[in-house]
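So you can see what is in the structure, the chains are spelled out below.
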Amino acid sequence: MQPSEAKHKPVVFSGIQPTGKMHIGNYIGALSVWAENQSKYDNIFCIVDLHALTIPEAIKPEYLRHKVVEFAALYIACGIDPEQSAIFIQSHVPAHAELTWLLNCVTPLGWLERMTQYKSKSAHQESVGTGLLAYPVLQAADILLYNTNLVPVGDDQRQHVELTRDIAQRFAFLYGETFVTPELLIRRSGARIMGLDDPTVKMSKSLGEQRPEHSIGLVDEPGVIRRTVARAVTDTARETRFEHASAGVLNLLTIYEALSGETRPAIEARFAGGGYGDLKRQLTELLVETLAPIRKRYQDLMTDPTELDIILRTGAAKVAPVAEATLTRVKRAMGCA
Ligand code: AQP
């Protein structure tokens, strides 16, 4: 990409926390959207290891070190091209932590206490760390550092991106216009894939690690995919129309829609009268076909961690000057420079 070209392209920023089992929800809601739009944007994709530290009891240092490499390989295996997109580790660019402190100082406590993710994650902790509460401020810093125009995420992250906009606007009120206010980029269908074992909860990386029947992992073998889809929750009816389907069946239809690119009428015609066995069989075939090249590329990449290390260091070196420039602007505005 030529620098003059990049100047005119909207900036896209997004990231994934390197914990748990990366699943088809992450692929449909985030990674596939990042990959599809790469040529239209100036792309920055981060592996947010500092976010993983917000539940320190669960995250051992060796686990985190391994997960960062695994997730870098998964980004690339899912189609993120290091030539077109900067891929880097959050902790390699110190400006993320520094801007977080500055933004903490302008963020009202009440804004953080009402975040849904904070409420659900803190409910399961014996003692809640400050990091978990400030998690969305770190996310705001990630986004605002790069003059981001668009943030492609799944539906669960909608509230955090809205908070980022609020923080940017509050900062402008206190110190003058400083940040670009980002917009959400969310797909119309498939932005919230549900658990296969429980369609009332979002498919999640942490649950996927604990319960094999919860999710389809991006590197699951065909036999595992077949077994997991076969056990997915449905019901006793034979309803395969989107509008009338029960939560579990709607989830299977939505995954089929997102991965096949077919229209809803075409999908409804395909499964009309076939029963859930047919839906599960065809969905399994589609999943195996979609994930086979991802698994293969992932395995190849994991044989050479040195190449991944070079990609991650190159990515950090590319984005760090932009982050530094924003940080300097913020500190000057606040009187720190
Ligand atoms: N079920 C989902 N459907 C669609 N998109 C999803 N995303 C997550 N789950 C789904 C999107 O994937 C990106 C990365 O997720 P993250 O690590 O930032 O968010 P998370 O909430 O930590 O992911 P998990 O899987 O729920 O992990 P745990 O359980 O550990 O918290 C984001 O863009 C997210 O929207």
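**So, the overall build of the protein**
- Helices and strands together make up the secondary structure of the protein, namely 15 helices and five strands.
- Taking 337 residues into account, the globule formula puts the C-alpha radius of gyration at 20 Å, and the protein, at 21 Å, falls close to it.
- Structurally, the protein occupies a C-alpha span of about 70 × 40 × 40 Å along its principal axes.
- Counting all 337 residues of the protein, 52% fall into the buried class.
- Once local pairs closer than 6 in sequence are excluded, the contacts in the protein between residues at least 24 apart make up 77%.
- In the form shown here, the protein has an accessible surface area of approximately 15500 Å², with 53% of it arising from carbon and sulfur atoms.
- Taking the average place of the 36 positive charges on the side chains of the protein and the average place of its 39 negative ones, the gap between the two points comes to 1 Å.

**Looking at the domain arrangement of the protein**
- We note that the domain assignment places domain 1 (3-187 + 305-334) and domain 2 (205-300) within the protein.
- The distance between the C-alpha centroids of domain 1 and domain 2 comes to 29 Å.
- The interface of domain 1 with domain 2 comprises 22 residues on the first partner and 18 residues on the second.
- Between domain 1 and domain 2 lies a buried interface of about 1700 Å² when both sides are counted; carbon and sulfur atoms form 70% of it.
- Of all residues in domain 1, Lys21, Ile24 and Ala77 give up the largest surface area on contact with domain 2, accounting jointly for 38% of the area buried on that side.
- Between the two partners, domain 1 and domain 2, sit one salt bridge.
- Residue lysine 21 pairs with aspartate 220 through a salt bridge whose shortest N-O separation is 3.5 Å.
- Put simply, the parts of the chain that give the side of domain 1 that touches domain 2 at least two residues each are helix H2 (24-36) and helix H4 (61-77).
- Ranked by residues supplied to the side of domain 1 that touches domain 2, first place goes to H4 with eight residues.
- Residues of the side of domain 1 that touches domain 2, tallied by class, amount to 13 nonpolar, five polar and four charged.

**Remarks on the site of the ligand**
- Neighbouring residues of the ligand: 22 residues in total, closest Asp156, Lys202, Ser204, Lys205 and Ser206.
- A distance of 3.2 Å separates a nitrogen atom of the ligand from a polar atom in the backbone of glycine 25.
- Between the ligand and the protein, one listed contact pairs an oxygen atom with a backbone N or O atom of glycine 154 at 2.8 Å.
- Protein chains shield 95% of the accessible area of the ligand, which is 650 Å² for the free molecule.

**A few points about the state of the cysteines**
- Applying the stated criterion to the full structure yields zero disulfides.
- Here cysteine 78 is not cross-linked by a disulfide; its sulfur's nearest cysteine counterpart is in cysteine 46, at 17 Å.
- Considering cysteine sulfurs only, cysteine 336 is the nearest to cysteine 105, which forms no disulfide, with 8.7 Å between them.
- Residue cysteine 105 is classed as partly exposed on the basis of its relative accessible area of 47%.

**Thoughts on the packing of aromatic side chains**
- For the structure shown, the criterion picks out seven aromatic pairs.
- Note on phenylalanine 13 and tyrosine 146: the rings are 5.7 Å apart at their centroids and 10° apart in plane angle, and the pair reads as stacked. Of this pair, phenylalanine 13 sits in strand S1 (residues 11-16) while tyrosine 146 is found in the loop between helix H8 (130-144) and strand S4 (150-152), placing the two residues 133 residues apart along the sequence. An identical accessibility class is assigned to phenylalanine 13 and tyrosine 146; each is buried.
- Consider the rings of phenylalanine 171 and tyrosine 175, whose centres lie 4.9 Å apart with planes at 45°: the pair is tilted. Placement of the pair is phenylalanine 171 and tyrosine 175 together in helix H9 (residues 158-175), with a separation of four residues, close to one helical turn.
- On the basis of relative accessible area, phenylalanine 171 is assigned to the buried category, the value being 0%.
- Taken together, the ring pairs connect Phe13, Phe88 and Tyr146 into an aromatic cluster.

**Observations concerning the pattern of salt bridges**
- Applying the stated criterion to the full structure yields 16 salt bridges.
- Shared partners join several salt bridges into a network, and the residues in it are Asp155, Arg158 and Arg192.

**Here we look at unusual backbone geometry**
- Unlike most non-glycine residues, asparagine 147 shows phi in positive territory, near 55°.
- With respect to the element layout, asparagine 147 can be found in the loop between H8 and S4.

**A short note on the pairing of strand S3 (residues 85-89)**
- Among the five residues in S3, five count as buried, and that is most of the element.
- Side-chain alternation along S3 places Ser85, Ile87 and Ile89 on one buried face and Ala86 and Phe88 on a second face that is also buried.
- Two elements, strand S2 (residues 42-47) and S3, share five bridges in a ladder whose sense is parallel. Residue pairing in the sheet places asparagine 43 in a bridge with serine 85 of S3.

Reading guide: rules and limits
- Residues numbered from 1 in each chain as written.
- Predicted model: local features only at pLDDT ≥ 70, side-chain atom pairs only at ≥ 80, totals over all residues.
- Heavy atoms only, no water.
- Helix = DSSP H or I, 4+ residues; strand = E, 2+ residues; numbered from the N terminus.
- Rg over C-alpha atoms; globule rule 2.2 N^0.38 Å.
- Buried < 20%, exposed > 50% of the residue type's maximum accessible area, 1.4 Å probe, protein only.
- Contact = heavy atoms within 4.5 Å.
- Areas by Shrake-Rupley, 256 points an atom, 1.4 Å probe, with all protein chains shown as cover.
- Lys, Arg positive; Asp, Glu negative; His and termini not counted.
- Charge placed at Lys NZ, Arg CZ, Asp CG, Glu CD.
- Domains from an automatic or database assignment.
- Buried area = accessible area lost by both parts, 1.4 Å probe.
- Salt bridge = Lys/Arg side-chain N within 4 Å of Asp/Glu carboxyl O.
- Nonpolar A, V, L, I, M, F, W, Y, C, P; charged D, E, K, R; others polar.
- Near = heavy atom within 4 Å.
- Polar contact = N/O pair within 3.5 Å; in protein donor to acceptor, adjacent residues only side chain to side chain.
- Disulfide = S-S within 2.5 Å.
- Phe/Tyr/Trp six-rings, centres within 6.5 Å; stacked < 30°, edge-to-face > 60°.
- Pairing = 2+ DSSP bridges.

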